[in-house]
Amino acid sequence: MNVLEQKMKLKKKILKFYKKTIFKFKKKINLDKQILEIVSLNELFNYFGTDKGTEVTNQYQKTSSKVDQKLIGHGYAQFYEKHLSTFKNDKINILEIGTWKGASVAAFYHYFKKAIIFCIDKNFKFQFKSKRVNFFNCDTESYNDIDSLKEYLKKKDSEYFEIIIDDGSHNYKDILSNFYNFFKSIKPGGYYIIEDFNHYQLHSSYINDKPDNALDISDIFESLINKKNFKSSDLNNDFQNYCFENISNITTHKGIQKSSYIAFIKKN
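Along each chain, the written sequence defines residue order, and numbers are assigned to residues from 1. Where totals are concerned, whole chains, interfaces and linings use all residues; where local detail is concerned, this predicted model gives features only for residues with pLDDT of at least 70, and gives and counts side-chain atom pairs only at 80 or more. Side-chain figures throughout are based on the complete set of non-hydrogen atoms in the structure, without hydrogens or water.

Draft legend 1. Inspection of the packing of aromatic side chains at higher detail. Side-chain rings of Phe, Tyr and Trp, where Trp is taken by its six-membered ring, are said to pair if the distance between their centres is within 6.5 Å; with planes under 30 degrees apart they count as stacked, over 60 as edge-to-face, and otherwise as tilted. As enumerated under the stated definition, the model contains 27 aromatic pairs in all. With a centroid separation of 5.1 Å and 50 degrees between ring planes, the pair formed by Phe 179 and Phe 183 is classed as tilted. Taken as a pair, Phe 179 and Phe 183 share a single burial class, namely buried. Members of the aromatic cluster, joined through ring pairs, are Phe 23, Tyr 47, Phe 48, Phe 124, Phe 126, Phe 128 and Phe 135. The criterion for a charge sitting over a ring is simple: Lys NZ or Arg CZ within 6 Å of the ring centre, and within 35 degrees of the ring normal. Cation over ring: Lys 28 sits above Phe 23, and NZ or CZ is 4.3 Å from the ring centre. The lysine or arginine in question, Lys 254, covers the ring of Tyr 261, its NZ or CZ lying 5.2 Å from the ring centre. To sort residues, take the accessible area from a 1.4 Å probe on protein chains only and compare it with the maximum for the residue type: under 20% means buried, over 50% means exposed, and anything in between is partly exposed.

Below, the structure is given as structure tokens:
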């Protein structure tokens, strides 16, 4: 490592420490003190403003103007309830990859009454706190961050989950990398969920990183269900064989938007 690289690494380390310190003392919304009469998951999604709902506020808009803030969301609530309603009153572990400000975490907190929720994001935008919610700053593209996360979960005695949701970058490589890194952490009978898994195809100008001749995500699902090995630089044969033995079903659904595709991968 040359001097410039060392300086850049030190600068990033200092910046992360600064952001982490600011985040630690930043005032957050206490979910434990909220009393909501909302029952349906879609209403919760819309209330907290996550695009998993049907009509939400644009959380990425940088201006304070109310104009054009309302968006039509993905409409994923009906699919979540279809597959996951049996967990509603169970004491379960949930992990969300790519939590941003925490809108969907807040909704899941109120829907899954006894769930312990872990949420990770490479940014320090998270706005909530609770005895049942654990935020961990993690860039899933960093091996060091992944190792730190595993140690953190081990200390929390929460290495395995009933539900893992990938709502991260939606890049091709990141979707497969997260699946490779986290699918084995699903408990038997649990679900690994991938949101917007064709997003990279629809926005090729800036996030389509799929290698030439590589299978699309939907084709990978088909190969896994049919137990057919395929060439992949991200999912090796050992992992594919693990999936063959441990996946009982993969169900995909189409939501409202053009990119609104969600997959529920159920473990045996």
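So, next bit.
Draft legend 2. Local environment of unusual backbone geometry. Within the chain, Trp 100 stands out as a residue other than glycine whose phi angle is a positive 50 degrees. The helix and strand labels rest on DSSP assignments: H or I over at least four residues marks a helix, E over at least two residues marks a strand, and numbering proceeds from the N terminus. Structurally, Trp 100 can be placed in the loop between β4 (93–97) and α4 (103–111). Trp 100 sits in the partly exposed class, given a relative accessible area of 21%.

Draft legend 3. Broad picture of the sheet that holds strand β10 (residues 247–254). Paired strands, in this sense, are two strands between which DSSP finds at least two bridges. If you walk across this open sheet you meet the 7 strands as β7-β5-β4-β8-β9-β11-β10, and the pairing is mixed. Each edge of the open sheet is held by one strand with a lone partner, namely β7 (133–137) and β10. When strand polarity is set aside, the average angle formed by the axes of neighbouring strands in this sheet is 15 degrees. With 7 bridges joining them, β10 and strand β11 (residues 261–267) adopt antiparallel strand pairing. Residue His 253 lies in a different strand from β11, and its bridge partner there is Ile 262. Between N-to-C directions, angles span 0 to 180 degrees; the directions come from axes that are lines fitted to C-alpha atoms, helices contributing only their stretch in contact.

Draft legend 4. Summary view of the state of the cysteines. When the sulfur atoms of two cysteines come within 2.5 Å, that pair is taken as a disulfide. All told, the structure shown has 0 disulfides when counted by the stated rule. Cys 119 forms no disulfide, and the closest cysteine sulfur to it belongs to Cys 138, at a distance of 12 Å.

Draft legend 5. Expanded view of the pattern of salt bridges. Salt bridges, as used here, are contacts in which a Lys or Arg side-chain nitrogen is within 4 Å of a carboxyl oxygen on Asp or Glu. A complete count under the given rule lists 7 salt bridges for this structure. In this structure, Glu 195 engages Lys 52 in a salt bridge whose closest nitrogen and oxygen atoms are separated by 3.2 Å. Here Glu 195 is found in strand β9 (residues 186–195), whereas its partner Lys 52 is found in the loop between α2 (41–48) and β2 (55–57), with 143 residues between them in sequence. By the burial criterion, Glu 195 is buried, and Lys 52 matches it. With a closest N to O distance of 3.9 Å, Asp 216 and Lys 210 form a salt bridge. In this structure Lys 210 comes out as partly exposed when scored by relative accessible area, which is 24%. Each of Lys 52, Glu 96, Asp 167 and Glu 195 takes part in a single network of salt bridges with overlapping partners.

Draft legend 6. Expanded view of the packing of α2 against α4. Running from N to C, α2 and α4 point in directions that differ by 145 degrees, and their axes come no closer than 8 Å. As for the relative orientation of α2 and α4, their crossing is right-handed in sense. Packed against α2, whose contacting residues are Leu 41, Leu 44, Phe 45 and Phe 48, the element α4 presents Ala 103, Ala 106, Ala 107, Phe 108, His 110 and Tyr 111 at the interface. Note on residue categories: nonpolar means Ala, Val, Leu, Ile, Met, Phe, Trp, Tyr, Cys or Pro, charged means Asp, Glu, Lys or Arg, and polar means any other residue, Gly included. Of the residues belonging to the contact of α2 with α4, the class tally is 9 nonpolar, 1 polar and no charged. Crossing handedness is defined as follows: a turn of the near helix away from the far one that is anticlockwise and smaller than a right angle gives a left-handed crossing, while the clockwise case is right-handed. The contact rule is simple, with two residues in contact once any of their heavy atoms fall within 4.5 Å.

Any link to function would need more than the numbers given here.
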